[in-house]
Amino acid sequence: MKFRLPLTALMLGAALVAAPAIAKDKDKKDEVAATPTPPAPLPTVIDTDVTHDPQDVLLLDLSDGGRVAIRLMPKWAPHHVERIKTLTERGFYNGLIFHRVIDGFMAQTGDPTGTGQSGSDLPDLQSEFNSMPHLRGTVSMARTNDPNSANSQFFIVFYPRFALDRKYTVFGRVIGGMQYVDAIQRGEPPENPTKIVQASLASDNKPAPAAPVAPAAPALKAPSVSDLNNSKSN
């Protein structure tokens, strides 16, 4: 005689066999969900064409007549880039000097008092330290010993300074006019500091201010016969 299990018993057995497998699959899914997704690598290619994404190009017209173009990189430091753009649109940087310029190191600006002790009326920023190196032309945010104290001051690096990496927030790179950065007057502060005459975004299409005209030398008056006759010789 053959024994036949009822259909319900067969179904129950199959469910019992499948249960451990389902539980294992669930554990694996939970494991995957709990594993943090590594951050996407930051872009390292800098677009040097000012006409591309001009809303992310900062233009500094300096008092020596030169224009410096800086590519802002929101993917590196979104909040710092937003701060720079906000202050630029306000006209905050117009007329400010480069108050701390160290030969072979960097040129720093962004303090309305010109002392390095002040900033804007906006709150300080949380740090956005990233993996971007401080190469020649790198633009980074200045701060105090507090990592979360960046506000309005920034600096442009003359030469690579890798000791600053991951300690200061890098938010851009010079893409034009680096020769004018090199010519910024040195000093802390300089005797005759270089000024930012105008800061603007390329998307604003603001023309560069006219370069200052050097005062003309006074015209020399030709001596008259009387002057010559009255001159004394040694």
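What you see is a predicted model; the values in this text were computed from it and never measured.

Undergrad: I keep staring at the environment of R83 and nothing clicks. Help me out?
TA: Of note, R83 is situated in helix α2 (residues 78–90). C-alpha separation for the pair R83 and L122, spaced 39 residues apart in sequence, amounts to 8.8 Å. Not counting residues within four places of it along the chain, the set of residues in contact with R83 comprises S120, L122, P123, L125, M141 and N151.

Undergrad: Can you help me understand the packing of aromatic side chains in this one?
TA: Between two aromatic rings, the relevant description is the distance of the centres plus the angle of the planes. Counted according to the given criterion, the structure contains four aromatic pairs. Centre to centre, the rings of F92 and Y93 are 5.2 Å apart; their planes meet at 85 degrees, and the pair counts as edge-to-face. Both residues of the pair, F92 and Y93, belong to the buried class. With a centroid separation of 5.5 Å and 75 degrees between ring planes, the pair formed by Y93 and F154 is classed as edge-to-face. Placement of the pair is Y93 in the loop between α2 and β3 (100–102) and F154 in strand β6 (residues 154–157), with a sequence separation of 61 residues. For Y93, a relative accessible area of 1% gives the class buried. For F154, a relative accessible area of 1% corresponds to the buried category. One aromatic cluster is present, built from ring pairs that chain together F92, Y93, F154 and F171. Sitting over the ring of Y168, R143 keeps its end group 4.5 Å from the ring centre. In this arrangement the basic side chain of R186 is found over the ring face of F158, its NZ or CZ atom lying 4.2 Å from the centre.

Cut-offs used in this document
- Residues numbered from 1 in each chain as written.
- Predicted model: local features only at pLDDT ≥ 70, side-chain atom pairs only at ≥ 80, totals over all residues.
- Heavy atoms only, no water.
- Helix = DSSP H or I, 4+ residues; strand = E, 2+ residues; numbered from the N terminus.
- Contact = heavy atoms within 4.5 Å.
- Phe/Tyr/Trp six-rings, centres within 6.5 Å; stacked < 30°, edge-to-face > 60°.
- Buried < 20%, exposed > 50% of the residue type's maximum accessible area, 1.4 Å probe, protein only.
- Lys NZ or Arg CZ within 6 Å of the ring centre and 35° of its normal.

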